[in-house]
Amino acid sequence: MRRSLLPALALTLLAVLLMPTAPAAARTSGIDWQPCDQDATAECGTLTVPIDWATPGSGTIDLALARRKATDATKRIGSLVVNPGGPGVSGVDFALFSDRFLSAELTKSFDIVGFDPRGVGRSHPVVCSSALLRAMPDTLMRSQADFAARIAYNKRLREDCEARTGPLFDHVSTVSVVRDLEAIRAALDEERVTFYGVSYGTLIGQQYAERYPGRVRALVLDSNFDHSLGTGAYLDTAAINAESAFDEFADWCAKNATCPLHGKDVRAFWAKLLARADRGELHQPGQPDIPLTSWDLIDQAFGAFYGPYWTELAESLLATDTAAAAKTPSGEASQAEELSPFPRAVFCQDFSFPVRDYREYAARLDRQRALAPDMRYNPAALYAIAACLDWPTPIPNPQHRLNVDGTPPILVANALYDPATSYLWAAGVAGQIGREAALLTYEGWGHGVYGRSDCVTGAMNRYLISLTVPTAAGSRCPAIPPPAVGLNRSPSGVQQFLVE
């Protein structure tokens, strides 16, 4: 969902799985499935869709798809279309490695079908000059001059990306992706869609239900965005969310002797680190030529809350505290490729967060700090504000309250202390959907809840497979404390894909 919160996906394990032949019900049209180049046990293909659904004759692009057939042909229900969010995370990769993220109950009951949304990955990605992307100003603006410079930079970047991407650049919003999903449903010969979306992928599911209520079989919306929020509500809820995630980390360290910071006043220790970073006294542990700013520290903590990686965060903060003073950076920056992807364009066509000038921006920063005294702000939210600042309006997919009517029950799920997608957002989405929504609450931490506990996974599986909606008594799942281990712990379930 932001430039630095999702590290590069470490998808290096070879999946070897023999798939039985699917029955006649699995027949598809419109997609020429062939063994995938990177893994012949799965199938890959493309689906041609219009660049602009409003004017289909204006040109086309090919959407990239991957499919793993159901492992038990006798129990196959149909296709489960998946999207892991981002925007910018590959649904093709998710499908290829779905046996690592989804339970055997799902993979034997469904063909797992993933697609890279338009403008992402293998589906005609939005690309821009790598050099220009490396020149991106700091997200945190400190003056009217910074504010003006960011607006000027955003304009240059948009013009560059549009020139290099072509006509698709203006047609990558979720409105268009929803039309693509309907085309995928038809090409899969499915009467109704069964869909699992995570994080930004929940917008696809929400807006599909809004546009095609009669085509829904089942939708799981895991870790939700709320598309109804304006600038103030977005920043406020995001700040509250970041602070609550920090509160949980501090509370865990106070109670758990395995925390490397146990016995310390975590809030005071953190405040001193931030003050030292503000004075330019910190650097990356083991890399004295790379200064560590307060933004870097906050961003690091925020990313660690995705796991959550509390032990690793505490270890890193201790290492940072004991490292020598920072030096002036030296040497040349490594050269990237000429072009680099920029999926943030999707976000800026889905959300408009106007800020008039630096005075308003500074006031919103002050409010963030009042709501999040330890974290100061939510770095993901501030990055979104900066990246989309002064984006041309009207945007293709302006914010609005969901208007969903006539669908089967929809399962909305979220962790209470998800740092990236607020539980407040999930509750808001469920409220907007209304009687069709069932809210499943994981009373724990991290981003992406599928696979975090038998309770959560079982509830989602039963819903997807047998359409059984959790009852009021089964709509809350207790937290499972994360293992108290050191660096390089692997997460479980879908969150492994989101954070590795």
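Preceding block: the structure.
Residues numbered from 1 in each chain as written. Predicted model: local features only at pLDDT ≥ 70, side-chain atom pairs only at ≥ 80, totals over all residues. Heavy atoms only, no water.

Overview of the overall build of the chain
Stated formally: A helix here means a DSSP run of H or I that spans at least four residues, while a strand means a run of E at least two residues long, and both kinds are numbered starting from the N terminus. Each residue gets one of three labels from its accessible area relative to the maximum for its type: buried under 20%, exposed over 50%, partly exposed in between, using a 1.4 Å probe on protein chains only.
Looking only at helices and strands, the chain has 17 helices and 14 strands in total. Counting over 500 residues, the chain shows a buried share of 57%.

A look at the packing of helix α6 (residues 174-187) against helix α7 (residues 201-211)
Quick note on the threshold: Think of each axis as a best-fit line through the C-alpha atoms, taken over the contacting stretch in the case of a helix, with angles from 0 to 180 degrees between the N-to-C directions. Orientation labels follow simple angle bins: below 35 degrees gives roughly parallel, above 145 gives roughly antiparallel, 65 to 115 gives roughly perpendicular, and whatever is left gives oblique. It only takes one pair of heavy atoms within 4.5 Å for two residues to be counted as in contact. Each residue receives one of three labels: charged for Asp, Glu, Lys and Arg, nonpolar for Ala, Val, Leu, Ile, Met, Phe, Trp, Tyr, Cys and Pro, and polar for the others, Gly being one of them.
Axis separation between α6 and α7 bottoms out at 9 Å; the angle between their running directions is 75°. As judged from the angle between their axes, α6 and α7 are roughly perpendicular. Together, Thr174, Val175, Val177, Val178, Arg179, Leu181, Glu182 and Arg185 of α6 and Leu203, Ile204, Gln207, Tyr208 and Arg211 of α7 make up the contact between the two elements. Among the residues making up the contact of α6 with α7, the classes are represented as seven nonpolar, two polar and four charged.

Considerations on the sheet that holds strand β3 (residues 60-68)
Worth spelling out the cut-off: We call two strands paired when DSSP finds no fewer than two bridges between them.
Spatial ordering of the open sheet is given by β1-β2-β3-β5-β4-β7-β8-β12-β13-β14, a layout of ten strands whose pairing is mixed. Two strands lie at the open edges of the sheet, namely β1 (34-35) and β14 (476-477), each paired on one side alone. Of the strands in this sheet, β4 (78-83), β5 (110-115), β7 (193-198), β8 (216-222), β12 (410-417), β13 (437-445) and β14 touch helix α16 (residues 454-466), which is tilted by about 160° from β8.

Notes on the side chain of Arg150
Rules: All tallies of charge rest on Lys and Arg as positive and Asp and Glu as negative; His and the ends of each chain are not included. Salt bridges are defined by distance alone: a side-chain nitrogen of Lys or Arg within 4 Å of a carboxyl oxygen of Asp or Glu.
With respect to the helices and strands, Arg150 occurs in helix α5 (residues 144-165). Here Arg150 occupies a buried position and makes no salt bridge, while the nearest side chain of opposite charge, Asp138, is found at 7.7 Å. Setting aside chain neighbours within four positions, we find Arg150 in contact with Met136, Pro137, Asp138, Thr139, Met141, Ala386, Ala387 and Leu389.

Let's talk about the pairing of β4
Of all six residues in β4, six are buried; the element is thus mostly enclosed. Here five bridges tie β4 to β5, and the two strands are oriented parallel to one another. Along β5, the bridge assignment pairs Ser79 with Asp111. Of the pairings in the sheet, the one linking β4 to β7 comprises four bridges and is parallel in character. Residue pairing in the sheet places Leu80 in a bridge with Thr194 of β7.

Considering the environment of Ser130
Going by this rule: Polar contacts here mean pairs of N or O atoms no more than 3.5 Å apart (in protein, one a potential hydrogen donor and the other a potential acceptor; neighbouring residues in sequence count only if both atoms are side-chain atoms).
Within the secondary structure, Ser130 is located in helix α4 (residues 130-134). For Ser130, a relative accessible area of 2% corresponds to the buried category. Between the alpha carbons of Ser130 and Leu339 there is a distance of 4.9 Å; along the sequence they are 209 residues apart. At 2.6 Å, the side chain of Ser130 forms a polar contact with the side chain of Ser340.

As for the state of the cysteines
In plain terms, the rule: We call a pair of cysteine sulfur atoms a disulfide whenever their separation is within 2.5 Å.
Going through the model one piece at a time under the given rule, you end up with five disulfides. Disulfide pairing places Cys36 opposite Cys44 at an S-S distance of 2.1 Å. The sign of the 100° torsion about the S-S bond sets the Cys36-Cys44 disulfide as right-handed. Here Cys36 matches Cys44 in class, with each residue buried. Bridging Cys455 to Cys477, the disulfide has an S-S length of 2.0 Å. The chirality of the disulfide connecting Cys455 with Cys477 is left-handed, given an S-S dihedral of about -75°. Taken together, the positions of Cys455 in helix α16 and Cys477 in strand β14 put the pair 22 residues apart, joining distant regions of the chain. According to the relative accessible area criterion, Cys455 is partly exposed, its value standing at 30%. Overall, the relative accessible area of 0% leaves Cys477 in the buried class. Across the chain, the way the bonded cysteines pair up, counted in sequence order, is 1-2, 3-4, 5-6, 7-8, 9-10.

Overview of the nonpolar core
Under the convention used in this document: The nonpolar core is taken to be a set of buried Ala, Val, Leu, Ile, Met, Phe, Trp, Tyr and Cys residues, with the residues joined through side-chain atoms within 4.5 Å.
Counting 117 residues, the largest nonpolar core has Phe249 and Met375 as the members making the most contacts within it. The element contributing the most residues to this core is helix α8 (residues 231-255), with eleven residues. Excluding residues that lie within four positions of it along the chain, Met375 makes contacts with Ala242, Glu243, Phe246, Trp270, Ile298, Ala301, Phe302 and Phe305.

What to know about the packing of aromatic side chains
Inclusion rule: Any two rings among Phe, Tyr and Trp, with Trp reduced to its six-membered ring, count as a pair given centres within 6.5 Å; such a pair is stacked if its planes are under 30 degrees apart, edge-to-face if over 60, and tilted if neither. Note on criteria: charge over ring means Lys NZ or Arg CZ within 6 Å of the ring centre, with the direction from the centre no more than 35 degrees off the ring normal.
Counted by the stated rule, this structure contains 22 aromatic pairs. Note that Arg158 overlies the ring of Trp391, its terminal NZ or CZ placed 5.3 Å from the centroid. Directly above the aromatic system of Phe347 lies the positively charged group of Arg344, at a separation of 4.7 Å from the ring centroid.

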